[in-house]
Amino acid sequence: MRAASCCVKADTEVWKLLIGPLTLPGQGMLLFRMATLGMLLGILMASCFTFCLSHQNSEFALTNPEKSSTEERERKETTAEEELDPRVLEVFHPTHEWQALRPGQTVPAGSHVRLNLQTGEREVKLQDEDKFRNNLKGLKKGKRLDINGNTYTSQDLKSALAKFKEGAEMESSKEDKARQAKVKRLFRPIEELKKDFEELNVVIETDMQIMVRLINKFNSSSSSLEEKIAALFDLEYYVHQMDNAQDLLSFGGLQVVINGLNSTEPLVKEYAAFVLGAAFSSNPKVQVEAIEGGALQKLLVILATEQPLTAKKKVLFALCSLLRHFPYAQQQFLKLGGLHVLRSLVQEKGMEVLAVRVVTLLYDLVTEKMFAEEEAELTQETSPEKLQQYRQVHLLPGLREQGWCEITAHLLALPEHDAREKVLQTLVALLATCRDRYCQDPQLSRTLVSLQAEYQALAALELQDGEDEGYFRELLGSINSLLKELR
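Scope of this entry: the structure provided in the associated data block. These numbers were taken from a predicted model, which means no experiment stands behind them. (Residues numbered from 1 in each chain as written. Predicted model: local features only at pLDDT ≥ 70, side-chain atom pairs only at ≥ 80, totals over all residues. Heavy atoms only, no water.)

1. Digging into the overall build of the chain
Across its full length, the chain carries 25 helices and 5 strands. A total of 487 residues make up the chain; the buried ones form 33% of that total. In the chain, the share of contacts with a sequence separation of at least 24, taken over all contacts with a separation of at least 6, comes to 61%. Counting every atom, the chain has about 31,800 Å² of accessible surface; 55% of that belongs to carbon and sulfur. (Helix = DSSP H or I, 4+ residues; strand = E, 2+ residues; numbered from the N terminus. Buried < 20%, exposed > 50% of the residue type's maximum accessible area, 1.4 Å probe, protein only. Contact = heavy atoms within 4.5 Å. Areas by Shrake-Rupley, 256 points an atom, 1.4 Å probe, with all protein chains shown as cover.)

2. Considerations on the nonpolar core
If you look at the biggest cluster of nonpolar residues, it comprises 94 residues, and the most contacted ones within it are Leu235, Val239, Leu319, Leu342, Trp404, Tyr438 and Leu448. Per-element tally for this core: the top contributor is helix H12 (residues 266-280), with 10 residues. Not counting chain neighbours up to four residues away, the residues in contact with Leu342 comprise Leu303, Leu316, Leu319, Phe333, Val358, Leu361 and Trp404. (Core = buried A, V, L, I, M, F, W, Y, C linked by side-chain atoms within 4.5 Å.)

3. So, the pairing of strand S5 (residues 122-125)
Pairing between strand S2 (residues 99-100) and S5: 2 bridges, direction antiparallel. Looking at the pairing, Ala100 lines up with Glu123 of S5. Here strand S4 (residues 112-115) pairs with S5 via 4 bridges, running antiparallel. In the strand pairing of S5, His112 is matched with Lys125. Between S4 and S5, which pair antiparallel and follow one another directly, the connecting turn spans 6 residues, one of which, Gly120, has a positive phi of 80 degrees. (Pairing = 2+ DSSP bridges.)

4. Details of the packing of helix H8 (residues 207-219) against helix H9 (residues 225-239)
With their axes 9 Å apart at the nearest point, H8 and H9 run at an angle of 150 degrees to one another. Regarding the angle of H8 to H9, the classification is roughly antiparallel. Between H8 and H9 the crossing geometry is left-handed. On H9, the residues that touch Asp207, Ile210, Met211, Leu214, Ile215, Lys217 and Phe218 of H8 are Glu227, Lys228, Ala231, Leu232, Asp234, Leu235, Tyr238 and Val239. Along the lines of polarity and charge, the residues of the contact of H8 with H9 split into 10 nonpolar, no polar and 5 charged. (Axes fitted to C-alpha atoms, helices over the stretch in contact; angles between N-to-C directions. Parallel < 35°, antiparallel > 145°, perpendicular 65-115°, else oblique. Left-handed = near helix turned anticlockwise from the far one by under 90°. Nonpolar A, V, L, I, M, F, W, Y, C, P; charged D, E, K, R; others polar.)

5. A look at a negative patch on the surface
Side chains of Asp465, Glu467, Asp468, Glu469 and Glu474 sit close together on the surface and give a patch of like negative charge. Within the secondary structure, Glu467 is located in the loop between helix H24 (442-464) and helix H25 (471-486). (Patch = residues over 30% accessible without salt bridge, like charges linked within 9 Å, V, L, I, M, F, W, Y side chains within 5 Å. Salt bridge = Lys/Arg side-chain N within 4 Å of Asp/Glu carboxyl O. Lys, Arg positive; Asp, Glu negative; His and termini not counted. Charge placed at Lys NZ, Arg CZ, Asp CG, Glu CD.)

6. Describing the sheet that holds S2
Within the open sheet, the 3 strands sit side by side as S2-S5-S4. Their pairing is antiparallel. Sheet topology places S2 and S4 at the edges, where each strand pairs with a single neighbour.

7. A short note on the packing of aromatic side chains
Tallied over the entire structure, the rule returns 7 aromatic pairs. Centre to centre, the rings of Phe326 and Tyr328 are 6.3 Å apart; their planes meet at 45 degrees, and the pair counts as tilted. Given a relative accessible area of 37%, Tyr328 falls into the partly exposed group. Ring plane angle 65 degrees and centroid distance 5.6 Å describe the contact between Tyr471 and Phe472, whose orientation is recorded as edge-to-face. Judged by relative accessible area, which is 32%, Tyr471 ranks as partly exposed. Site record: aromatic cluster; members linked through ring pairs are Phe233, Tyr271, Phe274 and Phe317. Residue placement shows Lys314 over the ring face of Phe274; its charged tip is 5.3 Å from the ring centre. (Phe/Tyr/Trp six-rings, centres within 6.5 Å; stacked < 30°, edge-to-face > 60°. Lys NZ or Arg CZ within 6 Å of the ring centre and 35° of its normal.)

8. Side note on unusual backbone geometry
You will see that Ser282, though not glycine, has its phi angle at about 50 degrees, which is positive. Within the secondary structure, Ser282 sits in the loop between H12 and helix H13 (284-292). With a relative accessible area of 58%, Ser282 lands in the exposed category. The backbone phi angle of His325 is positive, close to 60 degrees, even though this residue is not glycine. Note that His325 resides in the loop between helix H15 (309-323) and helix H16 (327-335). Overall, the relative accessible area of 53% leaves His325 in the exposed class.

9. Regarding the packing of H8 against helix H10 (residues 242-250)
Each pair of packed helices gets described by two things: the angle between the helix axes and the distance between those axes. The geometry of H8 relative to H10 is characterised by a closest axis approach of 10 Å and an angle of 50 degrees between their N-to-C directions. Regarding the angle of H8 to H10, the classification is oblique. Of the two elements, H8 crosses H10, and the hand of that crossing is right-handed. Side by side, H8 and H10 meet where Asp207, Met208, Met211 and Ile215 of the first sit next to Asn244, Asp247, Leu248 and Ser250 of the second. Taken together, the residues of the contact of H8 with H10 break down into 4 nonpolar, 2 polar and 2 charged.

10. Section: the pattern of salt bridges
Going through the model one piece at a time under the given rule, you end up with 10 salt bridges. With a closest N to O distance of 3.3 Å, Arg437 and Glu406 form a salt bridge. In this pair, Arg437 is assigned in helix H23 (residues 431-439) and Glu406 in helix H21 (residues 404-410), connecting sequence segments 31 residues apart. Residue Glu406 is classed as partly exposed on the basis of its relative accessible area, which comes to 26%.

11. What about the state of the cysteines?
Throughout the structure, instances matching the rule amount to 1 disulfide. Cys405 shares a disulfide with Cys434; S-S distance 1.8 Å. Note on the Cys405 and Cys434 pair: the S-S dihedral is about -60 degrees, so by sign convention the disulfide is left-handed. Here Cys434 lies in helix H23 and Cys405 lies in helix H21, a separation of 29 residues in the sequence. The class for Cys434 is buried, based on a relative accessible area of 1%. (Disulfide = S-S within 2.5 Å.)

Structure follows, in structure tokens:
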């Protein structure tokens, strides 16, 4: 108000100066008025500028700096509290489509929120419609929105894991039930099949039940010879499996078959040996029980007595299955004079076919012991008990004493190439034991030279056919090596 009154008085004084000197006559008066008017205009402009400047800076000029900073700090804190207060946040209502989330907006719990890497904006959509509606109802009732929903207690985590595990088990059980239902639709129950087979007079049996039935038929005094042979023939098919052979042992069927070797019927002996050979093969448990049941003695008796060739073939097969990879049986074989029995069998007229099988058995037994001792020295994988049993098998000295060096050398005159191959490999295996006997046998040298010429021609034919490493070339190599050792 004071400034306004000053401006009014200044204006009044100006007008007095302008009007007052109007009585001055002439041109000098006109100049005086113009000078006075310019001066008054300058004073008026300076007064107005000063008034405006003082009016603009009035509130700052009269303010306490300390009080001003305090008020500014309180205003900022108030603004921050208003921003953090959930009640003033704008609630975003998501849908089932992704929508951009603006700053300062909050979303209901359970919503899906993601960061769009292309636009750099946060996007949100509805996860569960029921949960979203419940959250909206809670907001309408005045409940505070929990913006720190990612904090959980240990109990919450445990309960969540328990529910997750229960859900997984329920899903797994559902899948199992579905799979079982599918299998049931594809296959009929065994009870229904049994009923159908009973109506057709067909009985479903397990392997064990079949073997029991076959043993009972074979052991029955009322069964005919044909029925017994048929029972043994069918039984041989089942005992090829290791488990079935052990099952045969469990209910006493193995001993029944072993006792069948004492039959007066050659066919019963033949097929009983056939069953035993199949059961012995690579089955240590059955081999042990067979030795204890007297199978080895019975087999040697059949080979030592006059029997049909077919029966002796099956018995020799059973003997080979019993001796291989069973050093204890090999010891008993030597003690019972097994080498003498085999020598008589080989020298028997008409048994040349069995002679090759016997030589093959001797080769297997010699190399088996050799490999077991080498393996024990190199890898130590052979058990000490089994190695000790092999060391008690004195096979090579027995072969030398029984004259097997000469017997094997004479078998080289057999005409079949396969037989010659087996005899050659046996001669090489016995070379360390029978070297002097080989050198003293002129027939062996003549035979080797004759075979050398024969296989040189056959190897040349193989080379012409483009076979660089043919069968005859290998036989020629064995003959050359043996001749080189004997010279």
